[in-house]
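These are the residues of each chain, in order.
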Amino acid sequence: MGSLVVSVLTSLDGRYRGPGGDLSVLPFEDAFNDHNLKLLREADTMVYGAPWFRQNLGTWAATAADPTAADRDRAIADQVLRVENVVVSDGVELSDADPRFDATWVVSRAGAVDEVRRRKARGERRLMYRTSTTWRPFLEAGLVDELFVLVGAGLAGAGTALWDGPAVQGLTLLDATVLPGSQIVALHYDCTAPTVRGVSDGVLRRDRLDAEAAYSPARTPWTCGALRCSTRGMWDAGKPARR
């Protein structure tokens, strides 16, 4: 069985981006990239929301082509451009101009949970960064195995909160360390037995989800290859996981 790992940097007041999506207010330090490189080396697939996909791949494709880039940054670029990509979106369309066009699949929001479940079943280790809008449904569905919350030494004052979904309990703290040479505290959680509150019956447990959510190929809304997914489901990222 594979795994899904989520990693996100936040300010002390729990913001992962500032007003208007501004990232400059976050307490980034160089150790953040060292942490990312370690996770990337262990990953087979990156899972993105649509805006972050093009921004991230564009940045690291340019780094890979820059002969003056630092060795660590070139190593990150190599890993970003090595892994496969899954983009969760109901609207994005790929073109030959997109980096890693031939190793990128687009899946609708309605099909995202089943797609990640399928990839986990075949043993892939997936990695996600940033927006909880994309990874929230996976946590609610019991598919997130590990969560890294990197807390930086600064206050954003305003912006987007790390989590705005239903209450989630049952996470287990595996480790809390200060990243070397920084003031970033890395909180590492095991998410394999969450209790999600706010659903119709009050509590939804991972063990029940695992028993009830057997994967069915007939339900997947995509085909193999450089995908153009046209399926538009009625699923809303703001709704709790279905039983």
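Above this text you will find the structure in question.
Summarised in this report is the structure supplied together with it. (Residues numbered from 1 in each chain as written. Predicted model: local features only at pLDDT ≥ 70, side-chain atom pairs only at ≥ 80, totals over all residues. Heavy atoms only, no water.)

### Section: helix α4 (residues 109–121)
Note: α-helices contain 3.6 residues per turn, so residues at a spacing of three or four share the same orientation. Where we set the bar: What counts as a helix is a DSSP run of H or I of at least four residues, what counts as a strand is a run of E of at least two, and both are numbered from the N terminus. Expected helix span is taken as 1.5 Å per residue step, with the number of steps being one fewer than the number of residues. Type-normalised accessible area, obtained with a 1.4 Å probe on protein chains alone, sets the label of each residue: buried when under 20%, exposed when over 50%, and partly exposed for intermediate values.
Its 13 residues give α4 an end-to-end C-alpha distance of 19 Å, which sits within 8% of 18 Å, the value for a rise of 1.5 Å per residue. For α4, the tally of buried residues reaches 10 of 13 residues, placing the bulk of the element in the interior. Directly after α4, the chain includes G123, whose backbone phi takes a positive value near 95 degrees.

### Considerations on the side chain of T63
So the rule is basically this: Identification of polar contacts relies on pairs of N or O atoms within 3.5 Å, with a donor-acceptor requirement for protein atoms, meaning one able to donate a hydrogen and the other able to accept it, and with residues adjacent in sequence counted only if both atoms are side-chain atoms. The criterion used for residue contact is that any of the two residues' heavy atoms lie within 4.5 Å.
Checked against the element boundaries, T63 lands in helix α2 (residues 50–64). Since its relative accessible area comes to 15%, T63 is described here as buried. Of the polar contacts made by the side chain of T63, one reaches the backbone oxygen of T59; its length is 3.0 Å. With residues near it in sequence (within four places) discarded, T63 still touches A69, D73, R74 and A77.

### Thoughts on the pairing of strand β11 (residues 185–190)
Under the convention used in this document: Any two strands between which DSSP finds at least two bridges are classified as paired.
Across six bridges, the pairing between strand β7 (residues 146–151) and β11 is antiparallel. Bridged to L147 within β11 is Y189. Summarising the sheet, strand β10 (residues 172–178) and β11 pair through six bridges and their orientation is antiparallel. Bridge pairing in β11 places A176 opposite L187. In sequence, β10 turns back onto β11 through a hairpin of six residues, with G181 there showing a positive phi of about 70 degrees.

### Thoughts on the sheet that holds β11
We apply this condition: Here an angle of 0 to 180 degrees is reported between the N-to-C directions of two axes, which are lines fitted to C-alpha atoms, with helices fitted over the stretch in contact.
One open sheet accounts for eight strands, arranged β5-β4-β3-β6-β1-β7-β11-β10; its pairing is mixed. Every other strand in the sheet has two partners, leaving β5 (104–107) and β10 as the edge strands with one partner each. When strand polarity is set aside, the average angle formed by the axes of neighbouring strands in this sheet is 20 degrees. Where strand β1 (residues 3–10) lies against β7, six bridges are found, and the strand directions are parallel. For S7, the partnering residue across the bridge sits in β7 and is F148. Each of β1, β3 (45–49), β6 (125–129) and β7 touches helix α1 (residues 30–41); the most contacted strand, β6, lies at about 155 degrees to it.

### Overview of the pattern of salt bridges
Working definition: two side chains of opposite charge can pair if their charged atoms are close together. Cut-off, in case you're wondering: A pairing counts as a salt bridge when a side-chain nitrogen of Lys or Arg comes within 4 Å of a carboxyl oxygen of Asp or Glu.
Within this structure, the stated rule accounts for 15 salt bridges. Two residues, K120 and D145, come together in a salt bridge whose shortest N-O distance is 2.7 Å. In this pair, K120 is assigned in helix α4 and D145 in the loop between α5 (132–140) and β7, connecting sequence segments 25 residues apart. Under the relative-accessibility criterion, D145 is labelled buried at 12%. What you see here is one network of salt bridges that share partners, running through E84, E115, R118, R119, R122, E124 and R126.

### As for the packing of aromatic side chains
Heads up, the rule is: Working definition: a ring pair exists when centres of Phe, Tyr or Trp rings (six-membered ring for Trp) sit within 6.5 Å. Plane angles under 30 degrees give stacked, over 60 give edge-to-face, the rest tilted. Any Lys NZ or Arg CZ found within 6 Å of a ring centre and within 35 degrees of that ring's normal is scored as a charge over the ring.
Taken as a whole and judged by the stated rule, the model has three aromatic pairs. Measuring from centroid to centroid gives 5.3 Å for F28 and F32, while their planes differ by 65 degrees, and the two rings are edge-to-face. By relative accessible area, which is 38% here, F28 ends up partly exposed. Residues Y48 and F53 carry aromatic rings whose centres are separated by 5.5 Å and whose planes lie at 70 degrees to one another, so their mutual orientation is edge-to-face. For Y48, a relative accessible area of 1% corresponds to the buried category. On the accessibility criterion, F53 (1% relative accessible area) is buried. Positioned above the aromatic ring of W105, the side-chain terminus of R119 is 5.2 Å from the ring centre. The ring of W163 carries R136 above its face, with NZ or CZ at 6.0 Å from the centroid.

Note that all results are geometric; they support no functional claim without further evidence.
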